[in-house]
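Listed below, chain by chain, are the residues.
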Amino acid sequence: MVTCNEGAQEWAQKYLQECVYDARGILSIILGLLSTCCWIPAQFPQIYENFKRGSAESLALVFLLQWVFGDALNLAGCFLTAQLTTQRVQAIYFLCVDVVLMSQFIYYKIKNRKRKDAVYSTTASLDMSVNGQPLRGNERTPLLGGSDVSSATRHAYSVFALLGLGALALVLLGDSQGAATIAPAGGSAAGRVLLSSKNAEAVLYLGTAIAWSSAAFYLGSRIPQIYKNYKRGSTEGLSLMLFVCAVLGNSFYAASIFLASTTKSQYITRLPYLLGSMGTISLDVCMFTQFKIYQGKAPKIVDP
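Quantities reported herein were computed from a predicted structural model and do not represent experimental measurements. (Residues numbered from 1 in each chain as written. Predicted model: local features only at pLDDT ≥ 70, side-chain atom pairs only at ≥ 80, totals over all residues. Heavy atoms only, no water.)

Asker: Before we move on, can you summarise the environment of Trp212 with the specific residues and values?
Answerer: Within the secondary structure, Trp212 sits in helix α8 (residues 198–232). Since its relative accessible area comes to 38%, Trp212 is described here as partly exposed. Separated by 135 residues in the primary sequence, Trp212 and Gly77 place their C-alpha atoms 8.7 Å from one another. Beyond its immediate stretch of four places on either side in the chain, Trp212 contacts Leu271, Pro272 and Leu275. (Helix = DSSP H or I, 4+ residues; strand = E, 2+ residues; numbered from the N terminus. Buried < 20%, exposed > 50% of the residue type's maximum accessible area, 1.4 Å probe, protein only. Contact = heavy atoms within 4.5 Å.)

Asker: How would you sum up the packing of aromatic side chains? Please name residues and give values.
Answerer: If you walk through the whole model with that rule in mind, you get seven aromatic pairs. With a centroid separation of 5.2 Å and 65° between ring planes, the pair formed by Tyr107 and Tyr108 is classed as edge-to-face. An aromatic cluster is defined as three or more aromatic residues linked by ring pairs; in this entry it consists of Phe63, Trp67, Phe243 and Phe291. The ring of Trp67 carries Arg222 above its face, with NZ or CZ at 5.5 Å from the centroid. (Phe/Tyr/Trp six-rings, centres within 6.5 Å; stacked < 30°, edge-to-face > 60°. Lys NZ or Arg CZ within 6 Å of the ring centre and 35° of its normal.)

Asker: Before we move on, could you go through the confidence of the model for the protein and cite the residues and values that matter?
Answerer: Interpretation of this model should avoid reading the predicted coordinates in detail wherever pLDDT is low. Mean pLDDT over the protein works out to 77, with 71% of the residues at or above the 70 mark. Element-level pLDDT for the protein is lowest in helix α6 (residues 137–140), with a mean of 42, against a maximum mean of 94 in helix α3 (residues 44–53). Confidence drops under pLDDT 50 across residues 135–149; counting only partners more than four residues distant or on other chains, this segment forms 26 contacts. (pLDDT = per-residue confidence, 0-100.)

Asker: Just give me the short version of the side chain of Asp284, but keep the residues and values in it.
Answerer: Structurally, Asp284 can be placed in helix α10 (residues 264–293). Ignoring anything within four residues of it in the chain, the contact list for Asp284 reads Arg222, Phe243, Ala246 and Val247.

Printed below as a string of structure tokens:
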């Protein structure tokens, strides 16, 4: 259990491994839990939508990949820089749901490709039996190319490789923390864990670099999806609730981190997490605008 100064809230110290002394700290925990509550059901509507349609074609592959990479790096960064317990819990949950969404994307991509291949094969056979001539190349070309499936598979392997590296980093972190000491940050009442050894300091720098990389992935993830919606002229197949919950979850998440930070060093350490959550909110506003503009409109083009 984390060591806190006298006057710390026992329940927070025991169950959340946090040193909480005042109403600000309690509010930070409440907002963090509210953020988690918003994120828990966030992806379920999209997962169900994909299942109902038998397709995940409305999602941009790059959007999913950057989301997964961002969450994987976020998880590693949270542990390496000793972030709040609510942040760690969310990071673990995010990755579990990401794996489900990515699995759906790959599964339906391959399944629908095989189905289209069967349709084109039947059409080609009928054409040969009637005309005695094969279809022209552009008529025989499947709408879902094999290169797309192989590309998705390669990206999936990259994602799972990154998850493995993240797990390795957490194992190494366990060894590094053995040499760390626990003390209140700056001697203040709302202090957090400080890593005092050189090895632990190196881990902290690594974690900070990973956290900034995660923020970059988060900020860039919405752009491919916004572009795909624009190209399709439709948001059909996307769940509005996914982005509503994302905005609420990110808002509570950022507020929780802000209230939990009381020193300049804490703000600097947690800045990438603040930018990663608040920055995506502005891009989600663009998503809401697209939902409004394209409401009820079918896609203009067939998705590859």
